Amino acid sequence: TTQLLTDAARLYDRANERRWSAIAHYTLGRMLYIRGKNWLAAEQAAETAANAFHKLGDFVNAARAQVLAASTLIERAGELSGVENRVERLAILKGADDRLQRSAAQFRKDKKLVDLADALTFAGVGRWSARNVVGAREAFSEAADLSRASNDSFFESRARGNLAWLEYENSNVQSAATEYR
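Trainee: Looking at this structure, how should I read helix H4 (residues 59-78)?
Mentor: For the α-helix, the turn length of 3.6 residues means that residues three or four positions removed from each other point alike. Relative to the 28 Å expected for 20 residues at 1.5 Å per residue, H4 spans 28 Å between its end C-alpha atoms, a close match to the ideal helical length. Burial analysis of H4 places 14 of its 20 residues in the buried class, which makes it a mostly covered element.

Right, here's the structure in full:
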């Protein structure tokens, strides 16, 4: 399936079908992300899609592709362990957070609340990975509040679950329990 998507993206590129090329690259990046392990290829496909959507003036889809690229960066950083990789890991997570903040700003501007909650959730995960507990809590809380305001129980439960796990990991069991109420 990934080979077919790669071939489709190349064909659309050659035919100068920029919108279809962007869609094919985004779909390829999404497929690679879901399959896992080849984070760099997923990031490259998402980044190609983001650039293509941006050139088309489709800033919302460009921001969605940037969220995908950022989530691959978070996964890639998660595979780096040890003191010798700490600086590289934090730099990757910072790059992911920067992308997520730009995407969140676009979603706020265009009132895309579900996309905004998604970007904030990934920002929370990245900040948590960087050991920025306060920043992660803020992102998860905002995602939960937005989801509740939009009556989106899926995103709200995901954000509240992340908040509960964050509090649990930080030995704040009482606070973790309140997230499930």
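Having seen it, we continue.
Trainee: Just checking my understanding: could you explain the packing of helix H6 (residues 113-129) against helix H7 (residues 133-149) for this structure?
Mentor: A pair of packed helices can be characterised by two numbers: the angle between their axes and the separation between those axes. Where H6 meets H7, the closest approach of the two axes is 8 Å, and the angle between their N-to-C directions is 160°. The angle between H6 and H7 falls in the class roughly antiparallel. Note on packing geometry: the crossing formed by H6 with H7 is left-handed. Judged by residue contacts, Leu113, Leu116, Ala117, Leu120, Thr121, Ala123, Gly124, Val125, Arg127 and Trp128 of H6 engage Gly135, Ala136, Ala139, Phe140, Glu142, Ala143, Leu146 and Ser147 from H7. For the contact of H6 with H7, the class distribution of residues is twelve nonpolar, four polar and two charged.

Trainee: For this particular structure, what's the right way to read the side chain of arginine 127?
Mentor: Structurally, arginine 127 is set in helix H6. Of the residues examined, arginine 127 reaches a relative accessible area of 15% and is grouped as buried.

Trainee: Whenever I open this one, the packing of aromatic side chains confuses me. Can you help?
Mentor: A ring pair, where both rings are aromatic, is described by two values, the distance of the centres and the angle of the planes. Enumeration over the complete set of coordinates arrives at five aromatic pairs. Relative to phenylalanine 155, the ring of phenylalanine 154 has its centre 5.2 Å away and its plane inclined at 75°; by these criteria the two rings are edge-to-face. Positioned above the aromatic ring of phenylalanine 122 is the side chain of arginine 158, whose terminal nitrogen or guanidinium carbon lies 5.8 Å from the ring centre.

Trainee: So what exactly am I meant to see when it comes to helix H1 (residues 2-14) here?
Mentor: Compared with the 18 Å implied by 1.5 Å per residue over 13 residues, the 18 Å span of H1 between its first and last C-alpha is a close match. Buried residues of H1: Thr2, Leu5 and Ala9, and no others. Down the axis of H1, the buried side of the element spans an arc of 60°, and every buried residue falls inside it. Away from its buried face, by an angle of more than 90 degrees, H1 presents the exposed residues Leu4, Leu11 and Arg14. Check the buried side of H1 and you find it contacts helix H2 (18-35). Backbone geometry just downstream of H1 places asparagine 16 in the positive-phi region, at approximately 55°.

Here is what the cut-offs are and how they apply
- Residues numbered from 1 in each chain as written.
- Predicted model: local features only at pLDDT ≥ 70, side-chain atom pairs only at ≥ 80, totals over all residues.
- Heavy atoms only, no water.
- Helix = DSSP H or I, 4+ residues; strand = E, 2+ residues; numbered from the N terminus.
- Expected span 1.5 Å × (residues − 1).
- Buried < 20%, exposed > 50% of the residue type's maximum accessible area, 1.4 Å probe, protein only.
- Axes fitted to C-alpha atoms, helices over the stretch in contact; angles between N-to-C directions.
- Parallel < 35°, antiparallel > 145°, perpendicular 65-115°, else oblique.
- Left-handed = near helix turned anticlockwise from the far one by under 90°.
- Contact = heavy atoms within 4.5 Å.
- Nonpolar A, V, L, I, M, F, W, Y, C, P; charged D, E, K, R; others polar.
- Phe/Tyr/Trp six-rings, centres within 6.5 Å; stacked < 30°, edge-to-face > 60°.
- Lys NZ or Arg CZ within 6 Å of the ring centre and 35° of its normal.
- Arc of directions from axis to C-beta.

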